[in-house]
Amino acid sequence: MAASEVNRRDTHPGPSENIVHVKSAVTSTWQVIVPVKHSARGKSRLRPPDGVHRRDLALAFALDTLDTVLEVVPAGQVFVVTADPEIRLQLRGSGAALVDDPGRGLNAAVAAGIAAVTAGAPHSPTAVLLGDLPALTAAELTDGLAACAATEAAVVPDHEGTGTVLVTHHDAGRLVPRFGTGSAARHARSATTLHLDLPRLRTDVDNDESLGLARELGVGPWTRRLLEQP
Ligand SMILES: Nc1nc2c(ncn2[C@@H]2O[C@H](COP(=O)(O)OP(=O)(O)OP(=O)(O)O)[C@@H](O)[C@H]2O)c(=O)[nH]1
Ligand SMILES: C=C(OP(=O)(O)O)C(=O)O
């Protein structure tokens, strides 16, 4: 495969108009929570390439993930839980809800997102998507959410099969976050595991190896600009 083919982001042309309409109807039913750690403290396992600051990379991963979410999900149904001022600045005016991070780790952050969802739309279908998916495309997120819609509670493991990239429930109030090492197995106690062939959705970037995988798939513009800078 030519390098240009390897590096471009897949825009998935081709499905019939009907399928596109059905899928966008499905994605518009979800409330989507995206937790993003303060970029000064995130991605400690990652050794950034020379000349790139870890903090900037963490920020770029999150901004690429959020741009894709906002392509697919109506902004009023997107809840970003973060204490990061740059993420907050970039989202200002987007229509996404900014939820304060309680500062007690990932599960507490997700719980704050769930509380924000249930305050406005109790019992609504809700998805938690992690914010470190720089290769994610609108097409793969749409396909992932459509697959999750078919079951009451679903978990999509990361590319290694141990972590979680997406966990959903048809009723926000019944979604229990169990993130942390080995979370896919814990989420599977109360959700159906979906082994989806969606590598862009499943490639969370934690370390040098997963950054390499994401770069092979093709990352979004924030991450690409940072990695390509002279
Ligand atoms: N709001 C919020 N998001 C978090 C928190 N911890 C992790 N996240 C987010 O959850 C996703 C997965 O994070 P991890 O890979 O577990 O953690 P990380 O801190 O980014 O990376 P490590 O330092 O390698 O653990 C990323 O989008 C993080 O930004 C937290 O305490 N608060
Ligand atoms: C955050 C998680 O995974 P990882 O540690 O692989 O990022 C998780 O699955 O809870």
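Refer to the structure printed above.
Owing to the predicted nature of the structure, the values given are computational and were not obtained by experimental measurement. (Residues numbered from 1 in each chain as written. Chains lettered and ligands numbered in written order. Predicted model: local features only at pLDDT ≥ 70, side-chain atom pairs only at ≥ 80, totals over all residues.)

1. What to know about the overall build of the chain
Line of reasoning, step 1. A tally of regular secondary structure across the chain gives ten helices and seven strands.
Line of reasoning, step 2. Looking at the chain as a whole, 45% of its 230 residues qualify as buried.
Line of reasoning, step 3. Within the chain, residue pairs in contact and separated by at least 24 positions form 71% of the contacts whose partners lie at least 6 positions apart. (Helix = DSSP H or I, 4+ residues; strand = E, 2+ residues; numbered from the N terminus. Buried ≥ 20, exposed ≤ 12 C-beta atoms within 10 Å, placed from the backbone. Contact = placed C-beta atoms within 7 Å.)

2. Points about the site of ligand 1
Line of reasoning, step 1. Near ligand 1, the surroundings consist of 17 residues, among which Pro35, Lys37, Ser44, Ala109 and Gly131 are the closest.
Line of reasoning, step 2. Among the elements of the structure, strand S1 (31-36), strand S2 (78-82) and helix H5 (106-120) are those that each provide at least two residues to the shell around ligand 1.
Line of reasoning, step 3. For the shell around ligand 1, the per-class residue count stands at six nonpolar, five polar and six charged. (Near = placed C-beta within 6 Å. Nonpolar A, V, L, I, M, F, W, Y, C, P; charged D, E, K, R; others polar.)

3. Description of the site of ligand 2
Line of reasoning, step 1. As a matter of local geometry, ligand 2 sits amid Asp158, Gly163, Thr164, Phe179, Gly180, Thr181, Ser183, Asp204 and Asp206.
Line of reasoning, step 2. Split by residue class, the shell around ligand 2 holds one nonpolar, five polar and three charged.

4. Concerning the packing of helix H3 (residues 54-72) against helix H10 (residues 221-228)
The axes of two packed helices give the description: the angle between them and the distance between them.
Line of reasoning, step 1. Closest axis-to-axis distance for the H3/H10 pair is 7 Å, and the angle between their directions is 150°. Put simply, H3 runs roughly antiparallel to H10. Facing H3, whose interface residues are Asp56, Leu57, Ala60, Phe61, Leu63 and Asp64, H10 presents Pro221, Trp222, Thr223 and Leu226.
Line of reasoning, step 2. Residues of the contact of H3 with H10, tallied by class, amount to seven nonpolar, one polar and two charged. (Axes fitted to C-alpha atoms, helices over the stretch in contact; angles between N-to-C directions. Parallel < 35°, antiparallel > 145°, perpendicular 65-115°, else oblique.)

5. Some words on helix H9 (residues 208-217)
Line of reasoning, step 1. Within H9 the residues assigned to the buried category are Ser210, Leu211, Ala214 and Leu217. The buried residues of H9 occupy an angular sector of 120° when the element is viewed end-on, so they sit on one face. Summarising the geometry of H9, the exposed residues directed more than 90 degrees from the buried face are Glu209 and Gly212.
Line of reasoning, step 2. Among the structural elements, helix H8 (199-202) are those in contact with the buried residues of H9.
Line of reasoning, step 3. Immediately beyond the C-terminal end of H9, within one or two residues, lies glycine 218, with a positive phi of roughly 110°. (Arc of directions from axis to C-beta.)

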